[in-house]
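# Secondary and tertiary structure notes
Spelled out, the chains give:
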Amino acid sequence: MQAAGGSADAVAAAYTTARRLGRALLNLSAAEKGDVERLQSDLQFDRWTLEDAGRAALLMASAAAHPDGFLRAATECYDRGDSAEQESWLKSTPLLPEPEQLLPIVIDACRTNILPLFEAVACENPFPARHFPERNFNQMVLKALFNQVALSRIAGLAGRRNADLTRMAADYASERRAAGRTVPSDIGLAMTETP
Amino acid sequence: MKIFDPHVHMTSRTTDDYEAMAAAGILAIVEPAFWLGQPRTFVGSFIDYFNSLLGWERFRASQFGIRHFCTIGLNPKEANNPKLADDVLALLPRYLDKGGVVAVGEIGFDDQTDAEEACFAKQIELARAHGLPILIHTPHRDKKRGTIRSIELVRSMKFPEERVLVDHNNEETLPIVLESACWAGHTIYPNTKMDEHRMAALVKKYGSDRIIVNSAADWGISDPLKVPKTITVMRQQGIDEDTIQKIVWTNPVTFFAQSGKLDVSEIDARPEIDRKLQYATNSVLRGER
């Protein structure tokens, strides 16, 4: 973590180098999972890789050592990141400080057509349920339906359902039927009541 | 049968596509400015993109006997980038005055945010100032509401509806568009949006007035021959030749001719192809001259 130094460039360079940790799954032991659960009960690491973990640790260490430079360094890592780096970055958002400052980047990331990037935000990640405004949260759920991403993977969905999302999901079902297409079987998870 | 594909992103396509399109009877196309898949981070990327639509891509199309027009605008996805949006909007007046720019577009809604609505409204004003029609992209998600909101915005700004093409319609949005005076575009895609058989059913139900079809072929799973393929299916379904010709030629030509930059008498015939021509010393030939 010494390499992280202070400058955003140095952190971003180390963030790239973390690819050498590889893409093997992190595979936490039961005891480690227990420790995580005591810290933040809604965190899930089942799909995290070693490089994801290394990059998260790097950003957390950088934030602890240089809190004033954190936002610039984190933004630099995302803006100049390749897809793998951006995926790691998005997965790590629930662990990072200043979530309100990171929020615009995470919302913008949902506009991607690169499915693994979208999943890094939408799936097994509590950040959207914790921080997204209702309209952005609803768009994310609709995009998951649109891309055949199982809604059960959206952390905290049950607690964020709302009347507008229910209407949007019902409209989507109606549009699919009018086109002679199937309706996703888990669409009810997006609705506060079954139509 | 003369064919016009009024929405196709040729920048993402190959010369094989151009050859196949010309062979299938496509005489002219409109390439709307849009999102490139990878978000842009500098306003300069837009300058080069717009220049490429007006320069190299138009030249490339001409090398296959296809007339290339374009629309210029800030797409709704990137309207959400506050670091870029104002700078891109400031660029637009210069580009909208250029030859071959036949509309402002694609504009409209994606996530239906306030930033998108603000950029949409500003571009409707630009279209009015430059005497151009507008091409509206309707969103993938919450499409019906996005379509209604788009028409309401046009109406509230008193922009003439007959100069508006609302694109990517489906069974539920088409009747909404036809209730207005706007034109209704349909994107025929391999998997999403609309397909050939559903399109033929819509034509049987609603007729051909203000109805337009396009391929919207781009960097995704898409097919630049979808307009000719839709013609085949419409014929199989017993739709008459005059109706089909109106949908795949007369309607888009009439709509975009409202820009004053599309000469109806000129585009009727296939342009001469001269492969010896060069664009800034580049040719589509690769050493075979």
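Because the structure is a prediction, the values reported are computed rather than measured.

For the rest of this paragraph, the subject is the overall build of chain B. Helix and strand counts for chain B come out as eleven helices and eight strands. Across its three principal directions, the C-alpha atoms of chain B cover 55 × 50 × 35 Å. Considering chain B as a whole, with its 289 residues, one finds that 47% of them fall into the buried category. Considering only contacts in chain B between residues 6 or more positions apart, those separated by 24 or more positions represent 74%.

Attention now moves to the environment of Ser152(A). All names here are of chain A. Among the secondary structure elements, Ser152 is positioned in the loop between α9 (134-146) and α10 (157-160). Separated by 28 residues in sequence, Ser152 and Glu124 place their C-alpha atoms 9.1 Å apart. If we ignore the near neighbours within four places in the chain, the residues touching Ser152 are Asp186 and Leu189.

We now examine the sheet that holds strand β1 (residues 3-5) of chain B. Residues and elements named next belong to chain B. Across the sheet, which stays open at both edges, the eight strands sit in the order β1-β2-β3-β4-β5-β6-β7-β8 with parallel pairing between neighbours. Of all strands in the sheet, those bounded by a partner on one side alone are β1 and β8 (211-214). This sheet shows a mean twist of 25 degrees between the axes of neighbouring strands, independent of strand direction. The sheet contact formed by strand β5 (residues 134-137) and strand β6 (residues 164-167) spans four bridges and is parallel. Among the inter-strand pairings, His137 is bridged to a residue of β6, identified as Asp167.

The next point concerns the packing of helix α5 (residues 83-92) of chain A against helix α7 (residues 115-122) of chain A. Residues and elements named next belong to chain A. It is the contact of α5 with α7, at a shortest axis distance of 8 Å, that shows an interaxial angle of 10 degrees. When the axis of α5 is compared with that of α7, the two are roughly parallel. Every residue of α7 that contacts α5 at Ser83, Gln86, Glu87, Leu90 and Lys91 is listed here: Pro116, Leu117, Ala120 and Val121. When grouped by side-chain class, the residues that make up the contact of α5 with α7 number five nonpolar, two polar and two charged.

A few words now on the pairing of β8(B). Consecutive side chains along a regular strand alternate between the two faces of the sheet. Residue and element names in this part refer to chain B. Of the two faces of β8, both are covered, the one formed by Ile211 and Val213 as well as the one formed by Ile212 and Asn214. Here four bridges tie strand β7 (residues 183-187) to β8, and the two strands are oriented parallel to one another. If you follow His186 over to β8, its bridge partner there is Val213. Traced from β7 through helix α8 (residues 196-206) to β8, the parallel crossover comes out right-handed.

Let's shift gears to unusual backbone geometry. In this model, Gly105(B) is joined to Glu106(B) through a cis peptide bond whose omega is -15 degrees. Non-glycine residue Asn27(A) carries a positive phi angle of around 50 degrees. In this fold, Asn27(A) is placed in the loop between α1 (8-17) and α2 (30-39).

Residue and element names in this part refer to chain A. Between its first and last C-alpha, helix α11 (residues 163-178) extends 23 Å over 16 residues, near the 22 Å set by a 1.5 Å rise per residue. In this fold, the buried residues of α11 make contact with α9. Just downstream of α11, Gly180 is the residue with a positive phi angle, here 70 degrees.

The partner chain B presents 14 residues to the 14 residues of chain A that form the contact. Elements supplying a minimum of two residues to the side of chain A that touches chain B: α9 and α11 of chain A.

Residue and element names in this part refer to chain A. Entries for chain A in the domain assignment read domain 1 (1-97) and domain 2 (99-195). The C-alpha-based centres of domain 1 and domain 2 are spaced at 25 Å. Every contact between the two is made by 16 residues of domain 1 and, on the other side, 17 residues of domain 2. Elements represented by at least two residues in the side of domain 1 that touches domain 2 include exactly α4 (70-79) and α5. Take the side of domain 1 that touches domain 2: its biggest share by element is five residues, from α5.

Now for the environment of Cys70(B). All names here are of chain B. Looking at the element boundaries, Cys70 is found in strand β3 (residues 67-72). Residue classification places Cys70 among the buried positions, given that 24 C-beta atoms sit within 10 Å. Between the C-alpha atoms of Cys70 and Arg155, which are 85 residues apart in sequence, the distance is 25 Å. Residues contacting Cys70, with those up to four places away along its chain left out, are Val30, Glu31, Pro32, Ala33, Leu53, Leu54, Gly100 and Val101.

Per-residue confidence for chain B gives a mean pLDDT of 95, with 99% of residues at or over 70. For this predicted complex, the interface score ipTM comes out at 0.84, while the overall pTM is 0.90.

On to the environment of Gln123(B), then. All names here are of chain B. Structurally, Gln123 can be placed in helix α5 (residues 114-130). For the pair Gln123 and Gly108, spaced 15 residues apart in sequence, the C-alpha separation works out to 9.4 Å. Setting aside anything within four residues of it in sequence, one finds Gln123 in contact with Gly73, Leu74, Val104 and Ile107.

Let's shift gears to the nonpolar core. Residues Ile66(B), Ile72(B), Val104(B), Ile134(B), Leu165(B) and Val248(B) are the most contacted members of the largest nonpolar core, which totals 76 residues. Counting residues per element, this core draws most heavily on helix α10 (residues 241-257) of chain B, which supplies six residues. Aside from chain neighbours lying at most four places away, what touches Leu165(B) is Pro133(B), Leu135(B), Ile136(B), Cys182(B), Trp183(B), Gly185(B), Ile212(B) and Phe255(B). Cys77(A), Cys110(A), Cys123(A) and Ala169(A) belong to the second largest nonpolar core, which has 44 residues in total.

Reading the values: the criteria
- Residues numbered from 1 in each chain as written.
- Chains lettered and ligands numbered in written order.
- Predicted model: local features only at pLDDT ≥ 70, side-chain atom pairs only at ≥ 80, totals over all residues.
- Helix = DSSP H or I, 4+ residues; strand = E, 2+ residues; numbered from the N terminus.
- Buried ≥ 20, exposed ≤ 12 C-beta atoms within 10 Å, placed from the backbone.
- Contact = placed C-beta atoms within 7 Å.
- Pairing = 2+ DSSP bridges.
- Axes fitted to C-alpha atoms, helices over the stretch in contact; angles between N-to-C directions.
- Parallel < 35°, antiparallel > 145°, perpendicular 65-115°, else oblique.
- Nonpolar A, V, L, I, M, F, W, Y, C, P; charged D, E, K, R; others polar.
- Right-handed = clockwise from strand over helix to strand, strands pointing away.
- Expected span 1.5 Å × (residues − 1).
- Domains from an automatic or database assignment.
- pLDDT = per-residue confidence, 0-100.
- Core = buried A, V, L, I, M, F, W, Y, C linked by C-beta atoms within 7 Å.

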